[in-house]
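Understanding the architecture of this molecule
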Amino acid sequence: MEPEVIQAEMVLPTHLSFKRIQMYEKYPKGQSRGRHWKHLKQIIQAENYQNYPPDEPNYVNIESPPSMHPCKRICDITGYEAPYYDPRTNLRYANTDVFKQIRSLPNEYVQRYLALRNAAVVLK
Amino acid sequence: MPFISRIQRQSDYNLFSSSTPIVIDNGSSYFRIGWAGETDPRVVFRNIVQRPRHKATGETVSIVGDHDPALMKYFDCTRSGPRSAFDSNVVYQFEIMEYIFDFAFDRLGANGSEIDHPVLITECVCNPVQSRSKMAELLFETYGVPSIAYGVDAAFSYKYNEQHGVCDRDGLAICPGFTATHVIPFIDGEPVYRGCCRTNIGGYHVTDYLKQLLSLKYPHHMARFTWEKVEDLKMEHCYIAPDYVSEAQLFQKGAKEAEDKTRCWQLPWIPPPAEERPSEEEIARKAAIKEKQGQRLRDMAEAKRQSRINELDNELRGLEFLLTQLEKVEECDEASFLSKTGYISKQEIESALMKVTQSLRKAKGEPKGDQAEIDEKTDLSANEKFPLINVPDNLLTPDQVKEKKRQLFLKTTSEGRQRARQKRHEEELERERRNQLDEVKRLENPELYREGLHAKYKELFEKIEQRKRLKTNGGHTNGNNLSGGVGRGERLNAAQRERMRLLTTAAFDRGKGEDTFGARDEDWQLYKLMSKDNDDDDDGPDEDEAELTRISSRLQEVDPTFVPKPEIGTLQSTEMPRLRPLTKEDFQVVFGVERFRCPEILFHPNWIGIDQAGLDEMAGVSIRRLPSRGQSVEERLTNSILMTGGSSLFPGMSERLEAGIRMIRPCGSPIRVARAMDPILDAWRGAAAYAAAPLFSTQTFSRMDYEEKGEDWLRRYQLRYTL
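Residues numbered from 1 in each chain as written. Chains lettered and ligands numbered in written order. Predicted model: local features only at pLDDT ≥ 70, side-chain atom pairs only at ≥ 80, totals over all residues. Heavy atoms only, no water.

We apply this condition: UniProt positions are given in the numbering used here, feature names are shortened, and annotations may be inferred rather than shown by experiment.
Where an unreviewed UniProt entry is consulted, chain B appears under the name Actin-related protein 5 isoform X1, with the organism given as Ziziphus jujuba. Word for word, the UniProt comment on chain B under Sequence similarities (unreviewed entry) is "Belongs to the actin family."

Looking at an unreviewed UniProt entry, chain A carries the name Vps72/YL1 C-terminal domain-containing protein, with the source organism given as Ziziphus jujuba var. spinosa. Per its UniProt entry, chain A bears the Subcellular location (unreviewed entry) comment "Nucleus".

Comments concerning the side chain of A:Thr89
All names here are of chain A. Cut-off, in case you're wondering: We count a stretch as a helix when DSSP gives it H or I for four or more residues in a row; a strand needs E for two or more, and each element gets its number in order from the N terminus. To sort residues, take the accessible area from a 1.4 Å probe on protein chains only and compare it with the maximum for the residue type: under 20% means buried, over 50% means exposed, and anything in between is partly exposed. Identification of polar contacts relies on pairs of N or O atoms within 3.5 Å, with a donor-acceptor requirement for protein atoms, meaning one able to donate a hydrogen and the other able to accept it, and with residues adjacent in sequence counted only if both atoms are side-chain atoms. Only heavy atoms matter for contacts: two residues are in contact if any of them lie within 4.5 Å across the pair.
Tracing the chain through its elements places Thr89 in the loop between strand S1 (84-85) and strand S2 (92-93). Exposure remark for Thr89: the relative accessible area of 13% places this residue in the buried category. Engagement of the side chain of Thr89 in a polar contact is seen with the side chain of Asp86, the distance being 2.7 Å. Setting aside anything within four residues of it in sequence, one finds Thr89 in contact with Ile102, Val110 and Leu114.

A word on helix H3 (residues 153-163) of chain B
Residues and elements named next belong to chain B. Extensive coverage of H3 is indicated by the burial of nine of its 11 residues. All of the buried residues along H3 are Ala154, Ala155, Phe156, Ser157, Tyr158, Lys159, Tyr160, Asn161 and Glu162. Note on H3: the residue one or two positions beyond its end, Gly165, has a positive phi of about 80 degrees.

Some thoughts on the sheet that holds strand S1 (residues 22-26) of chain B
Residues and elements named next belong to chain B. Threshold: Strand pairing is assigned whenever DSSP detects at least two bridges linking the two strands. Every axis corresponds to a line fitted to the C-alpha atoms, with the helix fit spanning only the stretch in contact, and the corresponding angles, defined between N-to-C directions, vary from 0 to 180 degrees.
Here six strands make up an open sheet; going across it, the order is S3-S2-S1-S10-S11-S20 and the pairing mixed. A strand with exactly one partner marks an edge of an open sheet, and here the two such strands are strand S3 (43-46) and strand S20 (701-702). Sheet analysis places S1 next to strand S10 (residues 119-123), joined by three bridges and oriented parallel. Among the inter-strand pairings, Val23 is bridged to a residue of S10, identified as Leu120. Each of S1, S10 and strand S11 (147-152) is contacted by H3, which is oriented at about 75 degrees to S11, the strand it contacts most. Lying over the sheet, helix H24 (residues 682-692) contacts S1, strand S2 (30-35) and S10, oriented at roughly 150 degrees with respect to S1.

Points about the packing of aromatic side chains
What describes a pair of aromatic rings is the distance from one ring centre to the other and the angle between the planes of the rings. Cut-off, in case you're wondering: Classification of ring pairs uses Phe, Tyr and Trp, with its six-membered ring standing for Trp, and accepts pairs whose centres are within 6.5 Å; under 30 degrees between planes counts as stacked, over 60 as edge-to-face, and the remaining range as tilted.
For the structure on display, the rule yields 33 aromatic pairs over all chains. Where A:Phe18 meets B:Phe105, the ring centres are 6.1 Å apart and the plane angle is 80 degrees; that geometry is what we call edge-to-face. Taken together, the positions of A:Phe18 in the loop between helix H1 (3-8) and helix H2 (23-26) and B:Phe105 in helix H1 (residues 94-108) put the pair across two chains. Accessibility assignment for this pair places A:Phe18 and B:Phe105 in one class, buried. Aromatic pair B:Phe701 and B:Trp713: ring centres 5.3 Å apart, planes at 80 degrees, arrangement edge-to-face. Within this pair, whereas B:Phe701 is found in strand S20, its partner B:Trp713 is found in helix H25 (residues 703-716), the two being separated by 12 residues in sequence. According to the relative accessible area criterion, B:Phe701 is buried, its value standing at 1%. B:Trp713 gets classed as partly exposed once you look at its relative accessible area, which sits at 23%.

In structure tokens:
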């Protein structure tokens, strides 16, 4: 190891005196790591919130409901208020200049703009 | 304001008694750890782990937090990026969490056989019990922690600010964090989780949105927009507009105010070395060199010519001498004399002499045209030249018949030549006549004439272009022809494609049924079609093109402003934007609307596809969710709204929040929005103050408690914030 790396103590030591079980004992080399951690979705599913009274707050039911306000539509490219919508690309746009621009955009960029607001076509 | 980390190793760990709790604010962006009762955390770092390979030794190492980027060059980070233990705001990857604890306790100076201090650690609101119990297990089993308490960061922050008089006992804590935003109502100094709500949007989404927008706007500088850099840009430049629509209109109109609000980031750019115009002397010197070289070549050519003339002269003299000698020699000795010279006959010598004289004349550069002249003259007297043609065959000897055939052939070719000449002459006359007609028309009405020509030119040009396109593009006119043929189908023309089709069908057409190929003669035509020569079906020199060149030259004559359009091929190359030299402006990243568009998603999460209520609406949702409602309670709540959490640092946040909440509350209700003293550190400070209270130990649970009481108890475990 380079002296400045050791100096900065960047690398975590493998043995730490204050630990009862060391990292290498818990996760021996060669075993697949990290696979067995449940993702949040799986954790929530395993919590079985449906078995508890609905007025008891839990991770799922404290989520905010959808907005009651009408959605403000903004131009996907410029961020201005967007009165128009291009049926070919599905992009919203503010004026003719932006329209020209979106019509000349390659499809990849159109999809990336749509992906920003989670409206892209997802091929499965 | 860039990331602030504090990772120096503390040396006073052993000075703290084992009853002093360690306080951890385990936020999804930052990890803060320190001692209860102190005002600032001892160690602060980004809550991430990287596991790169050390380049020199090849071993995989763990690096926690962010370090000097200059030192990262010793590691190969291409395989794995920074990883977080969080999924949204819930800890799920306890292996990563363990690395983080290792680093944190190590930097806090821990050196005993275990961590012999109670731990207060923050978690999200309504943390799933699975995450809670895994965390407890980790701390108890691996680090030997005697007891643990869990609390909510926003609640600690609210309590801390309540103690300092920023907010009241009843109130709302609005906490836009890194991955989620919470609103928690407080009644009698205790958080009411039944009235709480969470929207899954936070500073992470703002940074990500800004990053995406910038890389879409400046695709050439995509590599510049690293997460860290964009995070810096966000913290430095983003603000919340008081009213998004009117602010955006300012920019749309290009108002002066908008110009002042536009920020520009100049990327490193070195101007390309300006091309110096060569000086006069330089030009002169170059010309002289060129001239000298040309002169040398000319001299060489001249010398060569001279030597050839000499050579030919000598040969000529030799031959003449030979002839004179031959005349002197006796008739009978002629054969022996000739055999010595190597020639067979006198005629041969004469013809050689003839050839040499001709090439000598050519070498000397004398005009050669007289031969043709002579031809022409003889043409006139064709009848005398070919006397045998009009004589019937039966009157001639066999030799004469042969001669007659030869003469006939010569005559027809010369006649053909003459006819061609005649035709050329006629065409010239016709062209002349048309030009004159044109001229007359032009003089009659020059404007109309020019317009007509232009129109004709345009029409022809388009026609030719269309044909070329069809040829290269195989009929696929896909709107933007100038981008050239892309993809397999478009690269071939129709004939080539037909050929490919034939080849493939021939290659794969076997096995099925009986092979009858060759039974009919037409089958063999296939090979002819397949052969390569077949594909250029050019219909010779194009009439249209000739006409086009004529018109364009004519146009150039009459219209000095006319510039003929370049060919398609050249057009393409001029359209390439890369040919333009890059300027300073190409290396500027300009933020105008982005400055307030990105943080605006906290108020409109559906702009990034999250269908949940925004920050201002959440306050209303939260109040509506409270079980015990009354006007006085609601008024007390809205009269003490506290903003805490990293994303509440955006300028203009409190004004906007106040305006937004005013819209959803009844008219005249009191609304007061306050920002926490330090939105980022107050959660830790509140927790440290809380853990220092003498009654703190009543809120913790030990490993024994955890094992005896079980998961159901842990699920309902909740801290009392007022002790």
